[in-house]
Amino acid sequence: MNPRIVEVRKNIMKKNDLAAAALRDRFRAKRMFVASLVSSPGAGKTAFLERTLMLARAERRVAALVGDLATEQDAERLRHSGAPVRQITTGTVCHLDAEMIERALENWPPDEVDWLFVENVGNLVCPASYDLGEHMRVVLLSVTEGEDKPLKYPTIFNTADVAIITKIDLSAAVEFDRQALLRNLGSVRPGLEVLEVSAKTGDGFDRWMALVAQRAAAARAHVHAPDGALA
Amino acid sequence: MHELSVAMSLVDAICEELPQLGAVTVRSVRIRVGALSGVSMEALMFAFDVAADGTPIAGARLIVEAASGRELDLTAVEVWDEPAHRGSP
């Protein structure tokens, strides 16, 4: 008996892509703008998000999902902002995927939300492969990480919409070479929007909040488009 | 690394095809992995055996074709048709 070959032609990540597309539809229906944050561990995502939530709450209804392998500590910390926050503990999985987001959104958030922030697991590698249905993907890197980070992790920088340089209050102490980082970002992803902030001092947050508002408004403007793809 | 997650997605993707193929044993599976896909071929091959274990495709061989872009595609499944049921011995 001879074996036969059956042609298939199917994207292996199809399941996640389909789940992400469903999330995208859901976000559109709920008029919810969704931004995800990725970075290496320790770049300052949580501190950044903490300040973002506090500032945003003044004018919008905001919420956050945060992914970690273990502990609820980030979620607890982010709740100080007063916004609803849900923790996703992945166990051993090194990234969030669309199905995890789907599950986390069951009966949550408790009320209507304008902006949802999703803090991914600290990892510059794996999250690049998993579409979460977000409108905007933000990659954070701190002045302490070295200016060649974008060259070392091209895929994640290629899939990002915005790069945020964090901890700028430490620039002098680490002899941060701003021009080198901007050059490296530009060589990996020309035209990438880059912001610089300090979650500690609040520097740069005006520009960040304005960017979010602008992108959220643009996303709303697409709500009635026939083909809803926003990414 | 997350090749185990990807391998599990691959196993799911193959198992989804099985109902249309009738009674078969899967001998091998062909995939294309792009250099920019963020997936290591070696790690995926290892993870595939783990992910396939205990599923209808356990024991199938994974054949990986390298590609240049971002693709991560299942391209073909090689199967043996199981002999028709012969009735009670």
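What you see is a predicted model, and the numbers here were worked out from it, not measured in a lab.

## A few points about the pairing of strand β5 (residues 115-119) of chain A
Residues and elements named next belong to chain A.
Consideration 1: Taken across its five residues, β5 has five buried, putting it largely inside the fold.
Consideration 2: Every second residue of β5 is oriented toward a common face, with Trp115, Phe117 and Glu119 on one face and Leu116 and Val118 on the other, all of them buried.
Consideration 3: Of the pairings in the sheet, the one linking strand β2 (residues 33-38) to β5 comprises five bridges and is parallel in character. Paired with leucine 37 across the two strands is glutamate 119, which belongs to β5.
Consideration 4: Of the pairings in the sheet, the one linking strand β3 (residues 62-68) to β5 comprises five bridges and is parallel in character. Considered in β5, the bridge of leucine 65 is made with valine 118.

## Brief notes about the pairing of β2 of chain A
All names here are of chain A.
Consideration 1: Burial analysis of β2 places six of its six residues in the buried class, which makes it a mostly covered element.
Consideration 2: Every second residue of β2 is oriented toward a common face, with Phe33, Ala35 and Leu37 on one face and Val34, Ser36 and Val38 on the other, all of them buried.
Consideration 3: Pairing of β2 with strand β6 (residues 136-142), which is carried by four bridges, proceeds in the parallel orientation. Each bridged residue has a counterpart across the sheet, and for alanine 35 the counterpart in β6 is methionine 136.

## Some thoughts on the interface of chain A and chain B
Consideration 1: Listed by partner, the interface residues are 22 residues for chain A and 29 residues for chain B.
Consideration 2: For the chain A and chain B pair, buried surface summed over both sides reaches about 2300 Å², with 57% attributable to carbon and sulfur atoms.
Consideration 3: One can count four salt bridges joining chain A with chain B.
Consideration 4: Between aspartate 12 of chain B and lysine 15 of chain A there is a salt bridge, with the nearest N and O atoms lying 3.0 Å from each other.
Consideration 5: Connecting chain A to chain B are 13 residue pairs in polar contact (both at pLDDT 80 or more).
Consideration 6: Residue assignment for the side of chain A that touches chain B shows that the elements contributing at least two residues are β1 (4-11) and α6 (154-158) of chain A.
Consideration 7: Per-element tally for the side of chain A that touches chain B: the top contributor is β1 of chain A, with eight residues.
Consideration 8: Tallied by class, residues from the side of chain A that touches chain B come to eleven nonpolar, six polar and five charged.
Consideration 9: Across six bridges, β1 of chain A lies against strand β3 (residues 72-81) of chain B in antiparallel orientation.

## A look at helix α8 (residues 205-221) of chain A
Residues and elements named next belong to chain A.
Consideration 1: Between the first and last C-alpha of α8 there are 24 Å, a value that for 17 residues agrees with the 24 Å anticipated at 1.5 Å per step.
Consideration 2: Those residues of α8 that fall on the buried side of the exposure criterion are Phe205, Trp208, Met209, Leu211, Val212, Ala216 and Ala219. Buried residues of α8 fall within an arc of 155 degrees about the axis and therefore sit on the same side. Residues Asp206, Arg207 and Ala221 are exposed on α8 and point more than 90 degrees away from its buried face.

Rules and cut-offs
Residues numbered from 1 in each chain as written. Chains lettered and ligands numbered in written order. Predicted model: local features only at pLDDT ≥ 70, side-chain atom pairs only at ≥ 80, totals over all residues. Heavy atoms only, no water. Buried < 20%, exposed > 50% of the residue type's maximum accessible area, 1.4 Å probe, protein only. Helix = DSSP H or I, 4+ residues; strand = E, 2+ residues; numbered from the N terminus. Pairing = 2+ DSSP bridges. Contact = heavy atoms within 4.5 Å. Buried area = accessible area lost by both parts, 1.4 Å probe. Salt bridge = Lys/Arg side-chain N within 4 Å of Asp/Glu carboxyl O. Polar contact = N/O pair within 3.5 Å; in protein donor to acceptor, adjacent residues only side chain to side chain. Nonpolar A, V, L, I, M, F, W, Y, C, P; charged D, E, K, R; others polar. Expected span 1.5 Å × (residues − 1). Arc of directions from axis to C-beta.

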